[in-house]
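An overview of the molecular structure
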Amino acid sequence: MPRRPRPDVQISRRQALRLGAGVAALGVASACSITRNTESPIGPDSPQARAFAQSKARQFPLGKRVEFDLRARPEDIDLGGVRSTAWLYDGQLPGPILRVDVGDRVRVLFRNRLPDETTVHWHGIAIRNYMDGVPDVTQSPIPAGEEFTYDFIPPDPGTFWYHTHVDLQRGRGLYGALIVDDPRAPENWDAEFVVVLSDWLTSRTPSQVFDHLRSSTMDPMPEMSSPALGGDAGDVNYPMYLLNGRPPVDPATFMARPGQRVLFRIINASDDTAFRVALGGHRLTVTQTDGFPVQPVDTSSILIGMGERYDALVSLQDGVFPLVAAAEGKGAQAFALVRTGAGCPPNPIVAPDELRGRPLTVTDLNADDAVRLPPREPDTTLLAALGGGMNPYIWTINEQAYPEYTPLTVREGQRARLLYTNNTTMYHPMHLHGHTFAIARPDGSGPRKDTVIVLPGQTVAADIEADNPGQWITHCHNDYHLAAGMATIFSYVS
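Let me sum up the structure you'll find in this document. Nothing here was measured: the structure is a model prediction, and the numbers come from that model.

1. Looking at the pairing of strand β14 (residues 284–289)
For β14, a buried count of five out of six residues is recorded, marking the element as mostly surrounded by other parts of the structure. In this sheet, strand β15 (residues 292–299) lies alongside β14 in antiparallel orientation, the contact comprising five bridges. Within the sheet, the bridge partner assigned to Thr 285 lies in β15 and is Asp 298. Hairpin connection between β14 and β15: a loop of two residues separates the two successive antiparallel strands, and Asp 290 in this loop has a positive phi of roughly 55°. The pairing of β14 with strand β17 (residues 309–315) spans four bridges and is classified as antiparallel. Along β17, the bridge assignment pairs Val 286 with Ala 312.

2. Remarks on the side chain of Ser 46
Looking at where Ser 46 falls in the secondary structure, it is placed in the loop between α1 (13–19) and α2 (47–59). Within polar-contact distance, the side chain of Ser 46 engages the backbone oxygen of Gly 43 at 2.9 Å.

3. Digging into the pattern of salt bridges
Per the stated rule, a full pass over the model turns up 36 salt bridges. Residues Asp 211 and Arg 214 are paired through a salt bridge, measuring 3.0 Å at the closest nitrogen-oxygen approach. Within this structure, Asp 69, Arg 71, Arg 111, Arg 113 and Glu 147 form a network of salt bridges that share partners.

4. Looking at the pairing of strand β13 (residues 275–279)
Along β13, five of the five residues are buried, which leaves the element largely enclosed by surrounding structure. Residue alternation in β13 divides its side chains into two sets, Phe 275, Val 277 and Leu 279 and Arg 276 and Ala 278, and both sets are buried. Inspection of the sheet shows β13 paired to strand β18 (residues 320–327) by five bridges, in the antiparallel sense. Bridged to Val 277 within β18 is Ala 325. Looking at chain direction, β13 and strand β16 (residues 302–304) are connected through three bridges and run antiparallel. Each bridged residue has a counterpart across the sheet, and for Arg 276 the counterpart in β16 is Leu 303.

Basis of the calculations
- Residues numbered from 1 in each chain as written.
- Predicted model: local features only at pLDDT ≥ 70, side-chain atom pairs only at ≥ 80, totals over all residues.
- Heavy atoms only, no water.
- Buried < 20%, exposed > 50% of the residue type's maximum accessible area, 1.4 Å probe, protein only.
- Helix = DSSP H or I, 4+ residues; strand = E, 2+ residues; numbered from the N terminus.
- Pairing = 2+ DSSP bridges.
- Polar contact = N/O pair within 3.5 Å; in protein donor to acceptor, adjacent residues only side chain to side chain.
- Salt bridge = Lys/Arg side-chain N within 4 Å of Asp/Glu carboxyl O.

Next comes the structure, spelled out in structure tokens:
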């Protein structure tokens, strides 16, 4: 059985490199020590953390046992005639769709056939701490050639996903959709399309791009953007943007019939790219974000940050229509076809009228009444000031670059308000592990989420029920920003 870290283990700089933090090479963090918590942290395998799993088992006594066998290994792939080396789950890009019912006992036997150690993180699922897949925070990384069984009960239905949480590996292809159904809920759609968006490098690996980003020379590089993109949404211009693992020259095609009501489950699995998503000739009715229902809202396009998910219903017309995910600020796009009848496919570089104007964002959403947090004043307020910049390439929370951190501490049962304040010129899609939060509003209408874009100069207040003890990471889901230090620990203490 792989080693589990002790509850009081602090993360070494060598271990942090597994997570992707490379700031030590800049000579900035090398003189800093990790801040130790003066209170007693609740460890990943503590009685309090185990009690969470027991409570979920009592909540879902009829959940069936579902087992998956998932392998990660290197593969050569063809992307529209361009050969590329990838690291994939079960030889697929994206990985296989894992589908379960809410309350099922899910067991995933994961086999690491990569040349490096790795983990799997179950993004958005509030599960017991030591199943969360963060190296040296919730589990020891799984060495090459070894196995680990993930065992958890998903407590909420919705659109989720899974991905590696080690050293910029996600951008090499290690991601896939995880759909949690509610068999008691009526389906008000005729068909369902799972849409996974990603950015893709061809001649370099994400680690090589990161090394260039943090170099002092910043010499021109074909796959590198300038420091200031339109909207400052990302740092890298990619040669390809993929939709379900396919480039625009070889697009995926979704088949349906005219008049059918279709549910689109949209997942942004990219490393560095926010997308503006639209379906030519149609309006989208957003019904969920990050797995939680919202009051339906009609829109022409959606802005989706790295790690976010949106569910949208569409009543399809007759013909062939472009499904476009424009890479925000990068002048390119991912592309697929939705076909319900005869007709010539549109050009892959088409820009539908629906992309014009302001896209839907979290500010346009109100939580469904059934999932609103009960009104309550916060017991504690936690500050997460997002800082850093391109030169030197360091990104911080509260002026510390991970693995240096001062934990954000809570006690079980508290209502915590976490204030993410963006003091930079970049987008930062901030993700909290092990919990969902409500966007704080005076009337309690804020949507429930686990990942939210914090735009430059803005503050997002997230209200959290502290009901899942353990040590949890919160970080920017731009993988390069995480690698450069934008992370800290959301720590339960006793």
